[in-house]
Amino acid sequence: MSGKLYGVGLGPGDPSLMTVRAVEVIAEADVIAYHSARHGRSIARSIAAKHLRADHVEEPLVYPVTTETTDHPGGYQGAMEEFYAEASARLAAHLDAGRTVAVLAEGDPLFYGSYMHMHKRLADRYDTEVIPGVTSVSAAAARLGAPLVEGEEVLTILPGTLPEEELTARLAATDVAVVMKLGRTFGKVRRALDASGRLDESRYVERATMSGERIAELADVDAESVPYFSVAVLPSRVDAERPARSHGEVVVVGTGPAGPLWLTPETRGALAAADDLVGYTTYLDRVPRRPGQLRHGSDNRVESERAEFALDLARRGRRVAVVSGGDPGVFAMATAVLEAASQKEYADISVRVLPGVTAANAAAARAGAPLGHDYATISLSDRLKPWEVIAERLRAAASADLVLALYNPGSRSRTWQVGKARDLLLEHRASDTPVVVARDVGGSGERVRIVRLADLDPAEVDMRTILLVGSSQTRVVRRGDGEEIVWTPRRYPEA
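Described in the following lines is the structure provided in the data block. (Residues numbered from 1 in each chain as written. Predicted model: local features only at pLDDT ≥ 70, side-chain atom pairs only at ≥ 80, totals over all residues. Heavy atoms only, no water.)

### As for the overall build of the protein
The cut-off we apply is this: In this text, helices come from DSSP runs of H or I with a minimum length of four residues, and strands from runs of E with a minimum of two, each type numbered from the N-terminal end. Partly exposed residues are those whose accessible area sits between 20% and 50% of the maximum for their type, while under 20% is buried and over 50% is exposed, using a 1.4 Å probe and protein chains only. The contact definition used throughout considers only heavy atoms, calling two residues in contact when any of these lie within 4.5 Å. The accessible surface values rely on the Shrake-Rupley method and a 1.4 Å probe; as for residues, cover is taken only from the protein chains in view. Only four residue types enter the tally: Lys and Arg on the positive side, Asp and Glu on the negative side, with His and both chain ends excluded. For charged residues, the charge sits on one atom: NZ in Lys, CZ in Arg, CG in Asp, CD in Glu.
Of regular secondary structure, the protein possesses 14 helices and 23 strands. Along the first, second and third principal axes, the C-alpha set of the protein runs to 95 × 60 × 40 Å. In the protein, buried positions account for 47% of the 495 residues. Sequence separation of 24 or more characterises 69% of the internal contacts of the protein that already satisfy a separation of 6 or more. Summed over its atoms, the accessible surface of the protein is roughly 24100 Å², and 49% of this surface lies on carbon and sulfur atoms. Each charge sign in the protein was given a centre, from 59 positive and 68 negative side chains, and these centres are 2 Å apart.

The following block contains the structure:
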């Protein structure tokens, strides 16, 4: 009969944090296996040392390479794959002989642990049990003595080995984070924390619960002193003290056409870091609520007042996010904020604009690729400009054979503009020109249809609709599954 395989989590380093079950399994095991570098010292073995017996068979699994280079023909990955295959074969020989094998693992065996490589190669062939352990994340939070995550906050755990830009994006987007595997990656991680605006919040924990433990503000840590067994922690923001500022800032953010799936990492970070959210109530409702954050909702027709209100808050030291739908620079709040910020009294207030997914891009993606060539974006609303100007721009764009993205085509108080625009465009376009009629893209009421320009019905268009009118080159194709797609070739016939 085959023996049993155990993956034994030992916790973060302090032997007293081993679980009762871990101690029991070690006592029952015939074979104790543990990973180590070529110097032969094993942290896992040192944690469990007082529970090892003289009659235990020990199997050191010595890595052929750690951080140094290798002349293996398969490179680092090839050397490691060969090692894992050889190590698992050694353990399999003990299991086939009926011996119980306990593979020791710092922290938790299945959390960035070496044991998992044995597990993947052996668990389908032998009776296996994994003993969970206290992770370094939990240990670091405990040693900091501060809440890690609270309420609706999201925790992101990242390996420091990720590319710097990826680290920056993920750190900007999350509420709480722990970055593992520091050591040689520390400089890159520090730069990512700084670029994401999170450096001042960051704490550093080295060898949590072990001898030589160190806790510090991460910004004060010398990169040359950082070992592999250290983590960067961005703890909970719920009760964090808001820094006193003589001047705050205004960040104008775009939420995309609908909910959280359309937010960029940079936008998520700005929304999470804000003291105040200012915006049209419908758009504010797309943003998750956070403790301690104030919301200032208003009607959609008071853009100038909203912009000045946000700047006044920033002048009092508040960090303000002005929330806009789609992209804030496309028929949205960025213009209003920048116009107000150009006034003398707001000259010293920092203003940033962060991009968002536009309604035109979202609708185009749902339909195929109607914006694949040159296109023009025009608002049909005559509330802020005369219809004569709109009509002239429609004629110019249509005569230039541009695809058209028509924003604000209609509302309860504007019911005739779509019909006028359709008739004007039919003077320049064929009656069967495809039109994408996209309503509430990304929302619960999403409906995207492709109709002929001559068949465009104004009654089907409201404030939540965008229209994409094709050029003479735009094509509609019905694919094998019956779905219609629309696309505009990138190459023009004369090219």
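Now, onward.
### Comments concerning the packing of helix α3 (residues 75-96) against helix α4 (residues 115-122)
To characterise two packed helices, one gives the angle between the axes of the helices and the distance between these axes. Here is the rule: Between N-to-C directions, angles span 0 to 180 degrees; the directions come from axes that are lines fitted to C-alpha atoms, helices contributing only their stretch in contact. In this scheme, a crossing is called left-handed if the near helix is turned counterclockwise away from the far one by less than a right angle; it is called right-handed if the turn is clockwise. Residues were grouped as follows: Ala, Val, Leu, Ile, Met, Phe, Trp, Tyr, Cys and Pro as nonpolar; Asp, Glu, Lys and Arg as charged; and all remaining residues, including Gly, as polar.
Two elements in contact, α3 and α4, have axes separated by 9 Å at closest approach and are oriented at 65°. Crossing angle aside, the handedness with which α3 passes α4 is right-handed. On α4, the residues touching Glu81, Tyr84, Ala85, Ala87, Ser88, Leu91, Ala92 and Leu95 of α3 are His117, Met118, Arg121 and Leu122. Looking at the contact of α3 with α4 residue by residue, the class counts come to eight nonpolar, two polar and two charged.

### Considering the sheet that holds strand β19 (residues 434-439)
We count it as follows: Only strands that DSSP links by at least two bridges are regarded as paired with each other.
With mixed pairing, the five strands of this open sheet are ordered in space as β17-β18-β21-β19-β20. Sheet topology places β17 (375-379) and β20 (447-452) at the edges, where each strand pairs with a single neighbour. Going from strand to strand, the sheet's axes swing by 20° on average, the running direction of each strand aside. Each of β17 and β18 (403-407) touches helix α13 (residues 387-399); the most contacted strand, β17, lies at about 165° to it.

### A few points about the sheet that holds strand β13 (residues 294-298)
Within the open sheet, the five strands sit side by side as β13-β12-β14-β11-β15. Their pairing is parallel. At either end of the open sheet lies a strand with only one pairing partner, and these are β13 and β15 (350-354). Strand-to-strand, the axes of this sheet are offset by a mean angle of 20°, without reference to chain direction. Where strand β11 (residues 249-254) and β15 come together, five bridges link them in parallel fashion. Within the sheet, the bridge partner assigned to valine 251 lies in β15 and is arginine 352. Across the sheet, helix α8 (residues 265-273) lies against β11, β12 (276-280), β14 (319-324) and β15, angled at about 135° from β11, the strand it touches most. Running over the sheet, helix α10 (residues 303-315) touches β11, β12, β13, β14 and β15 and is turned about 175° from β12.

### Comments concerning the pattern of salt bridges
Worth spelling out the cut-off: Any carboxyl oxygen of Asp or Glu within 4 Å of a side-chain nitrogen of Lys or Arg constitutes a salt bridge here.
Taken as a whole, this structure holds 31 salt bridges when the rule is applied. Residue glutamate 86 pairs with arginine 90 through a salt bridge whose shortest N-O separation is 3.7 Å. Here arginine 90 and glutamate 86 lie together in helix α3, a separation of four residues that amounts to about one turn. Residue classification places glutamate 86 among the partly exposed positions, given a relative accessible area of 39%. Exposure remark for arginine 90: the relative accessible area of 24% places this residue in the partly exposed category. For glutamate 206, the salt bridge identified is with arginine 207, shortest N-O distance 2.9 Å. Given the relative accessible area of 6%, glutamate 206 is considered buried. Note on arginine 207: relative accessible area 31%, which makes it partly exposed. Where salt bridges share partners, they join Lys4, Arg21, Glu24, Asp127 and Glu129 into one cluster.

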